[in-house]
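This is what each chain is made of:
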Amino acid sequence: MAANQLEDVVQRWRTTEDFKPEDHKLFLNAGHTCIAQGDCTQLLDFIKEEANQHIVRSMGSGLLPRLVNEVQRKDQSSANCQAILNHLVLLQICSVKELLNILLLQVEDSDPNGIADSIVVLMPLIQSVLLRMGEAKAHGLALALDSLQKQISKLPVPYSHKQEQEDVYGLCRSCTAVLTFVQPFVQEVKNQDTNSVATELRAALLKFCMESLREPLLHVQLDREANMTEISPLWNFATEIMAILAVIQESLPKILFYHPLRGKEDTISEKDAYHLNESRACMAYLLFVQLIATEVFPTVFCPVFILQCNMEYINLLLSRCDLHVKSLERVTDCSLPVELLDLKPFHEVPKNLITIMIDCPIQHLRGKSLVVFQLFIEKLNGEAKHTFFRRIMKTSHHAGVESIIIKNIKNQSAYEDSWFEGTLLISLLRDTIILPQGHETDLLHGMDRVMESLNLLRYLLIQERNNSTGIWIDLCHIANSYTKLLRLCLSMSKSYYGTELRRLREDKKIKAKGNTCFVLQCALVTYDLMESLVVRIEEIIEDSQN
């Protein structure tokens, strides 16, 4: 029997404290045999016996890995195994340093399919060990949180409320367990915020919060309205992380806008610096979009300053766009000055929005990027719009994007804005109302730009023919030059497509080429529409001269 085997060796051990390697091996073999055969009750009795305490103190920690595995199996013997674990850890029998090393090794060696179970089992034990470590607890806490977050980062993030409730991979359970784990240390910092231990604990907790913002919260789909009516572990995790930052007296504006870790960023890798910005981006998202922790955020910052500071984070969160929308909505229309366009984020964000609009395969993201792009334009003042429009027309090289800008020029011309009047308007039109490739321009590919250009010319000609703003002659010159070249392109394009269409209609295999025939017919209809607008523009100019 395993118990008899254990008793035989114990008789010799009870009279000595000088245990050799072979004694450790024999003790572990006997203990493992007890666990494997389900004799955990007898093993627990042995460990509790007063006469055996020096034996357990010297060799008992070696049983921890096997005991943890048994507890995770959740069979009939797991309750006794849990009791043994509690006795070894909670009753301070074994060395705290040794216990911590063994327990953290168990966390790091967790089976990929049992990460959440390991965290739930081990967290209370590790917490108990740390609370007994005195001045060394801060270093131990940093090691523990690092090990925990490495494991949590391996767990898939649920992307729906149903997945969150099912919690198949255990991310929600793990996050809840970690929050419980850190609470005593958060409370200690709150109560004793001046001593060196509290300072070190604060540093460990700050790193934990920033890492949690990046993994997993940066990837979590939060819905404030839904979370007001249903319990969400991940919403609670986000709320508690922001609350911990406030409790440990870390200023949210300081982290977001003034980069308190900037000095450290000079000594860390580019990858770590990027990760830190991801954490800040998630914090901005939670604060300004989900309105988490707004009660501790000062209201003294103006919307333009918040937008300017958030632009760097917006660039990281473009796939979600929400932070950009919420930041822009706070800004008054036509208020952003042209100087902001010289800042790198204000250059990169519109550029990345355009990339999403053009290249993203996900339709709703393309649509959302267009909405954000238009909202950004509306917040620029007149000079900034004028400069921004010129920049995009020179760099986008995409007819759809260019048509958006031309439409905005038309809209802006309806308001009294000196940047879209007189010579400034004419200068902008000369660089905008053109056919990029001259008479070789592909009108079908550039249809959006051409149609908006014609609509803009027609609108301005109607608006200016009875005004005395002094731009009528220049406007007519621009219109005549554009329509003259466009007529040449239309003539060439209609001739080519007309010939192709007739050839296909005469082809006996026309049924096999029905799609091609349809494309050609649509092209000719488009060209007729362009031509009708050209005729209307020419009529307006001719009527004004009579």
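Note that the structure is a prediction, hence the values are computed from the model and not measured.

Chemist: I keep staring at the overall build of the protein and nothing clicks. Help me out?
Modeler: Across its full length, the protein carries 27 helices and 0 strands. In the protein, which comprises 546 residues, the share counted as buried stands at 49%. Within the protein, contacts between residues at least 6 apart in sequence are counted, and of these 74% link residues at least 24 apart.

Chemist: Sorry, what's going on with the packing of aromatic side chains here?
Modeler: All chains considered together, the criterion is met by 8 aromatic pairs. Ring centres of F346 and F376 lie 6.4 Å apart, and the angle between their planes is 40°; on these two criteria the pair is classed as tilted. Residue F346 is found in helix 20 (residues 344-359), and its partner F376 is found in helix 21 (residues 363-379); the two are separated by 30 residues along the sequence. F376 shares its class with F346; the two are buried. Relative to F388, the ring of F373 has its centre 5.8 Å away and its plane inclined at 45°; by these criteria the two rings are tilted. One end of the pair, F373, is in helix 21; the other, F388, is in helix 22 (residues 382-395), and 15 residues separate them in sequence. Classification of F373 as buried rests on a relative accessible area of 0%. Among the aromatic residues, ring-to-ring pairing joins F346, F373, F376 and F388 into one connected group.

Chemist: Please clarify how the packing of helix 7 (residues 96-108) against helix 8 (residues 115-131) should be interpreted in this entry.
Modeler: Between two packed helices, both the angle of their axes relative to each other and the distance between the axes serve to describe the pair. The contact between helix 7 and helix 8 brings their axes to 10 Å, and the two run at 155°. Comparing their axes, helix 8 and helix 7 come out roughly antiparallel. For the pair helix 7 and helix 8, the sense of crossing is left-handed. Between helix 7 and helix 8, the residues in contact are V96, L99, L100, L103, L104, Q106 and V107 and L122, L125, I126, V129 and L130, respectively.

Chemist: Would you take a moment to explain the environment of E312 for this structure?
Modeler: You can see E312 is positioned in helix 18 (residues 303-316). C-alpha of E312 to C-alpha of P345: the two residues are 33 residues apart in sequence and 5.5 Å apart in space.

Chemist: Before we go on, may I ask you to explain the pattern of salt bridges in this structure?
Modeler: Scanning the model with the defined rule gives 17 salt bridges in all. For the salt bridge of D117 with R173, the shortest nitrogen-to-oxygen distance reads 3.1 Å. Of the two residues, D117 sits in helix 8 while R173 sits in helix 11 (residues 171-191), which places them 56 residues apart along the sequence. Where E538 meets R487, a salt bridge forms, and the shortest distance between an N and an O atom there is 3.0 Å. With E538 in helix 27 (residues 514-545) and R487 in helix 26 (residues 472-506), this residue pair connects regions lying 51 residues apart in the sequence. Three or more residues are tied together by salt bridges with common partners; here these are R487, K494, D528, E531 and E538.

Chemist: Could you clarify how one ought to interpret the confidence of the model for the protein in this entry?
Modeler: Of the residues in the protein, 88% have a pLDDT of 70 or more, and the chain-wide mean is 84. pLDDT under 50 marks residues 260-265. Its contacts with residues more than four places away, or in other chains, come to 9 contacts.

Chemist: Can you walk me through helix 11 in this structure?
Modeler: One turn of an α-helix holds 3.6 residues; hence residues three or four places apart share an orientation. Across its 21 residues, helix 11 extends 30 Å between first and last C-alpha, which sits within 8% of the 30 Å expected from 1.5 Å per residue. At Q183, helix 11 shows its maximal kink, close to 35°; a proline, P184, follows between one and four residues later.

Chemist: Quick question: what am I supposed to make of the side chain of S396 here?
Modeler: Looking at the element boundaries, S396 is found in the loop between helix 22 and helix 23 (399-412). Residues within four places of S396 in sequence aside, it is in contact with V401 and E402.

Chemist: Please clarify how helix 24 (residues 422-432) should be interpreted in this entry.
Modeler: Along helix 24, the positions that sit buried rather than exposed are L425, I426, L428, L429 and T432. Relative to the axis of helix 24, the buried residues are bounded by an arc of 165° and lie together on one face. Buried-residue contacts for helix 24 involve helix 22, helix 23, helix 25 (447-464) and helix 26.

Chemist: Sorry if this is basic, but what is going on with the nonpolar core here?
Modeler: Generally speaking, nonpolar side chains in soluble globular proteins are found buried as a group. In this structure, I126, F181, M242 and L286 are the most contacted members of the largest nonpolar core, which totals 103 residues. In terms of residue count, the dominant contributor to this core is helix 11 (11 residues). Contact partners of M242, with chain neighbours within four places excluded, come to L213, L252, M283, L286, L287, I292 and A293. Formed by 69 residues, the second largest nonpolar core is a distinct cluster that contains V331, M357, I377 and C489.

So, how was this worked out
Residues numbered from 1 in each chain as written. Predicted model: local features only at pLDDT ≥ 70, side-chain atom pairs only at ≥ 80, totals over all residues. Heavy atoms only, no water. Helix = DSSP H or I, 4+ residues; strand = E, 2+ residues; numbered from the N terminus. Buried < 20%, exposed > 50% of the residue type's maximum accessible area, 1.4 Å probe, protein only. Contact = heavy atoms within 4.5 Å. Phe/Tyr/Trp six-rings, centres within 6.5 Å; stacked < 30°, edge-to-face > 60°. Axes fitted to C-alpha atoms, helices over the stretch in contact; angles between N-to-C directions. Parallel < 35°, antiparallel > 145°, perpendicular 65-115°, else oblique. Left-handed = near helix turned anticlockwise from the far one by under 90°. Salt bridge = Lys/Arg side-chain N within 4 Å of Asp/Glu carboxyl O. pLDDT = per-residue confidence, 0-100. Expected span 1.5 Å × (residues − 1). Bend = angle between axes of the 7 residues up to and from the residue. Arc of directions from axis to C-beta. Core = buried A, V, L, I, M, F, W, Y, C linked by side-chain atoms within 4.5 Å.

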